[in-house]
Amino acid sequence: AAAAAATRFEPFPQRDGAARDARPACIAGSFNPPHNGHLGLVRHLSLRHSAVVVVIGHNAAKAYAVSPLERQALVRQACAELQIENVRVECSDDYIWRVARKHGAPLLYRGIRSWAKDGLAERWLEFLNLIGPPALALAPPLRTCFLEADPRYAHVSSTLIRRRCAAAESVADLVPPSIADAVAKLYG
């Protein structure tokens, strides 16, 4: 019941006309690689918040073919192309709730294609963000708000892009034009 009460879900389309929140938004993921679905969520948050912190999480237990710094550069380049100006992109191997708290974000945002595709993994991360602050920092839990993906990108995943790159297929329909060649090279 506590987890359900802490969860927020915003179906697509989100309310872009709402008043801008002075508090920063924090959205985290591996962005391995970043794609149009990710960037649609970042754009949405940039319209609703004074600032957006995009956190590229690095899990030391996982092997990544592309470094967090390379992924950070891709996200920065895509945001510049899309003229999303109030975004800060950083890499972290710390708990995401700590990064969000450091920046003053009142909650975490996570993109979700569908509950069937992403639900179990996302609920686990939500649970960690709920128990981590009280257990490790004697702080209140940090809520998670799940943002539903734009239906145009609900089929897009970083795995799909990596598979296309490995097969030398175009990813131009899945990522912003300014990073398409870099994504193909880094993941091909």
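Residues numbered from 1 in each chain as written. Predicted model: local features only at pLDDT ≥ 70, side-chain atom pairs only at ≥ 80, totals over all residues. Heavy atoms only, no water.

Student: Requested: an account of the overall build of the protein, with residues and values cited.
Tutor: Within the protein one finds 7 helices and 6 strands. The proportion of buried residues among the 188 residues of the protein is 46%. Counted over contacts in the protein with a minimum sequence separation of 6, partners at least 24 positions apart contribute 75%. Total accessible area computed for the protein in this model is approximately 9600 Å², and 57% of it derives from carbon and sulfur atoms. (Helix = DSSP H or I, 4+ residues; strand = E, 2+ residues; numbered from the N terminus. Buried < 20%, exposed > 50% of the residue type's maximum accessible area, 1.4 Å probe, protein only. Contact = heavy atoms within 4.5 Å. Areas by Shrake-Rupley, 256 points an atom, 1.4 Å probe, with all protein chains shown as cover.)

Student: A description of the pairing of strand β2 (residues 25–29) should follow, citing residues and the corresponding values.
Tutor: Of all the 5 residues making up β2, 5 are buried; the element is thus mostly covered by neighbouring parts of the structure. Residues Ala25, Ile27 and Gly29 of β2 are buried on one face, and the alternating residues Cys26 and Ala28, pointing to the opposite face, are buried as well. Here β2 runs beside strand β3 (residues 52–57); their pairing, made up of 5 bridges, is parallel. The residue of β3 that forms the bridge with Gly29 is Ile56. Viewed along the sheet, the connection from β2 through helix α2 (residues 36–48) into β3 turns out right-handed. (Pairing = 2+ DSSP bridges. Right-handed = clockwise from strand over helix to strand, strands pointing away.)

Student: Lay out helix α4 (residues 96–103) with the relevant residues and their values.
Tutor: Listed in full, the buried residues belonging to α4 are Ile96, Trp97, Val99, Ala100 and His103. Projected onto a plane normal to the axis of α4, the buried residues spread over an arc of 160° and lie on a single side. The positive-phi residue at the C-terminal boundary of α4 is Gly104, with phi of around 80°. (Arc of directions from axis to C-beta.)

Student: Got a sec to walk through the packing of helix α3 (residues 68–81) against helix α7 (residues 177–187)? Specific residues and values, please.
Tutor: Remark: α3 packs on α7, axes separated minimally by 9 Å, with the N-to-C direction vectors making an angle of 165°. Judged on the interaxial angle alone, α7 and α3 are roughly antiparallel. For the element pair α3 and α7, the recorded crossing hand is left-handed. Counting all contacts with α3, which are made through Glu70, Arg71, Leu74, Gln77, Ala78 and Glu81, the residues of α7 involved are Pro177, Ser178, Ile179, Ala182, Val183, Leu186 and Tyr187. Residue classes in the contact of α3 with α7 are distributed as 8 nonpolar, 2 polar and 3 charged. (Axes fitted to C-alpha atoms, helices over the stretch in contact; angles between N-to-C directions. Parallel < 35°, antiparallel > 145°, perpendicular 65-115°, else oblique. Left-handed = near helix turned anticlockwise from the far one by under 90°. Nonpolar A, V, L, I, M, F, W, Y, C, P; charged D, E, K, R; others polar.)

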